[in-house]
Amino acid sequence: MRKLFGPGVESFAAGPDGGRDARFRGTAERFPSAAGAWVGTTVGQAKHTNAINAHVSDSDFGSDADTSVISHEIVRIKSLARGNDLDNYFLVTNRRVGGVAGPRIIKRISDDAGVLHDRIHLAGIEFLDDMVHEYPDLLRLARIDPIDGPLLVSSREFAEVILGIADVLSAPSLLGDSAVMGRVSLNEKDLLNGMTPAFSRTLVRNYMGLVPQIQDFLASPANSDIRKRYEAAVEDFQLKIVAHRQEYQTFDHVYNYLIDLLFKRDGVLSANRRTTRAMLFYMYWHCDIGEVQDATAE
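Throughout what follows, the structure given in this document is the object of discussion. (Residues numbered from 1 in each chain as written. Predicted model: local features only at pLDDT ≥ 70, side-chain atom pairs only at ≥ 80, totals over all residues. Heavy atoms only, no water.)

Turning our eyes to something else, we now look at the overall build of the protein. Within the protein, the regular secondary structure consists of 14 helices and 5 strands. When the 298 residues of the protein are sorted by exposure, 43% land in the buried category. Sequence separation of 24 or more characterises 75% of the internal contacts of the protein that already satisfy a separation of 6 or more. Total accessible area on the protein is roughly 15500 Å²; 53% of this is exposed by carbon and sulfur atoms. (Helix = DSSP H or I, 4+ residues; strand = E, 2+ residues; numbered from the N terminus. Buried < 20%, exposed > 50% of the residue type's maximum accessible area, 1.4 Å probe, protein only. Contact = heavy atoms within 4.5 Å. Areas by Shrake-Rupley, 256 points an atom, 1.4 Å probe, with all protein chains shown as cover.)

Under the definition given, this model contains 14 aromatic pairs. Aromatic pair Phe5 and Phe90: ring centres 5.6 Å apart, planes at 85°, arrangement edge-to-face. Here Phe5, found in helix α1 (residues 2-5), pairs with Phe90, found in strand β4 (residues 88-93); they are 85 residues apart in sequence, far enough to count as distant. For Phe5, a relative accessible area of 1% gives the class buried. Judged by its relative accessible area of 3%, Phe90 falls in the buried class. Judged by centre distance (5.0 Å) and plane angle (35°), the rings of Phe251 and Tyr284 are tilted. Here the residue Phe251 occupies a position in helix α12 (residues 251-265), and Tyr284 occupies one in helix α14 (residues 273-285), the gap between them amounting to 33 residues. Just as Phe251 is buried, Tyr284 falls in that class too. By way of ring pairs, the aromatic residues Phe5, Phe24, Phe31, Trp38, Phe90 and Phe127 are connected into one cluster. Across the ring face of Tyr284, the terminal group of Lys189 is positioned such that the distance to the ring centre comes to 4.7 Å. Sitting above the plane of the Phe263 ring, Arg273 keeps its charged end 4.3 Å from the centroid. (Phe/Tyr/Trp six-rings, centres within 6.5 Å; stacked < 30°, edge-to-face > 60°. Lys NZ or Arg CZ within 6 Å of the ring centre and 35° of its normal.)

What follows concerns the pairing of β4. Taking burial as the measure, the 6 residues of β4 include 6 buried ones, the bulk of the element. Going residue by residue along β4, you find Asn88, Phe90 and Val92 tucked away on one face and Tyr89, Leu91 and Thr93 tucked away on the opposite face as well. Two strands pair when backbone bridges link them, and strand β3 (residues 39-47) and β4 are joined in this way by 6 bridges, in the parallel orientation. Looking at the pairing, Val43 lines up with Tyr89 of β4. Of the pairings in the sheet, the one linking β4 to strand β5 (residues 120-123) comprises 4 bridges and is parallel in character. Opposite Leu91, over in β5, you have Leu122 as the bridge partner. A crossover links β4 with its parallel partner β5, the connecting element being helix α4 (residues 101-113), and its sense is right-handed. (Pairing = 2+ DSSP bridges. Right-handed = clockwise from strand over helix to strand, strands pointing away.)

Another aspect to go through is helix α9 (residues 197-207). Every buried residue belonging to α9 is among Phe199, Ser200, Leu203 and Tyr207, and all of these are buried. Buried residues of α9, viewed axially, fall in a sector of 100°; they line one side. Exposed residues lying more than 90 degrees from the buried face of α9 are Pro197, Arg201 and Arg205. Looking at the buried residues of α9, the elements they touch are α8 (186-193), α10 (211-219), α12 and α14. (Arc of directions from axis to C-beta.)

Pro32 follows Phe31 through a cis peptide bond whose omega is -5°. Turning to its location among the elements, Pro32 is positioned in the loop between β2 (22-27) and β3. One non-glycine residue, Cys287, adopts positive backbone phi at about 65°. With respect to the helices, strands and loops of the structure, Cys287 is situated in the segment after α14.

On to the environment of Asp118, then. Looking at the element boundaries, Asp118 is found in the loop between α4 and β5. Residue classification places Asp118 among the exposed positions, given a relative accessible area of 56%. Measuring from C-alpha to C-alpha, the distance between Asp118 and Trp38 comes to 9.4 Å, with 80 residues separating the pair along the chain.

Counted according to the given criterion, the structure contains 15 salt bridges. Between Arg23 and Glu10 there is a salt bridge, and its shortest N-O distance comes to 3.2 Å. In this pair, Arg23 is assigned in strand β2 and Glu10 in strand β1 (residues 10-11), connecting sequence segments 13 residues apart. The class for Glu10 is partly exposed, based on a relative accessible area of 35%. Arg25 is the partner of Asp85 in a salt bridge, and the nearest nitrogen-oxygen pair spans 3.0 Å. (Salt bridge = Lys/Arg side-chain N within 4 Å of Asp/Glu carboxyl O.)

Below, the structure written as structure tokens:
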């Protein structure tokens, strides 16, 4: 909120604070825009969940039940608005906000609490993702070091790669069109990373036939934007894997953990399971993720 509204945003200590986690009085610097900034008293509220794939439409959060998060918040918002202590309401959650559920919740808050519709904002995980990409220093300001957290990778760039290449990989395989050349011996890479022979053979049997198509797609100048997203995803994956590799007995576990996590975090990836698994195998086979130090180049 300080990034969007200005340094005058007040934060509140944990405890019964009347529903306020933050408050700002005055004219916002850049929200919703510099030309049409919010004016008055803005109350910010943060609602966090430990669930990985939660949505604002989940019954515990956005339903009409008296026990839902939104129902509890409406009571507080109404009280603050009646006391002239709220003109704008800024709700942040690490849940997904859909195109149907988000507007419905905003309308309900507006109707029930008496706050103008355009003075309510529901910021979900997509909004947070955009903010971190636009203002990378937010992590530093919040004293958050992603490397210190669990092995959680961003699905955003990877999903864009999957969307871009899904149609290509669904076409008939053209193994004779391009040679499959590895940068290092796969056997030696498996030894360096602790991938078991049986697991490696399964990956090769299932996905090696797609490698030439992936190589050709990423090498094509027409797909340069997808290539950049691929490289961004690789950087994120590799940094997290290096930081947390010691927590997993074999690289089999790393691969399966990442696949399960990606499926849970993103519907695009879950809907393209074979392509997602093939792309993660390609990252490993192409030596973009995993240990390659001391490997002998072929």
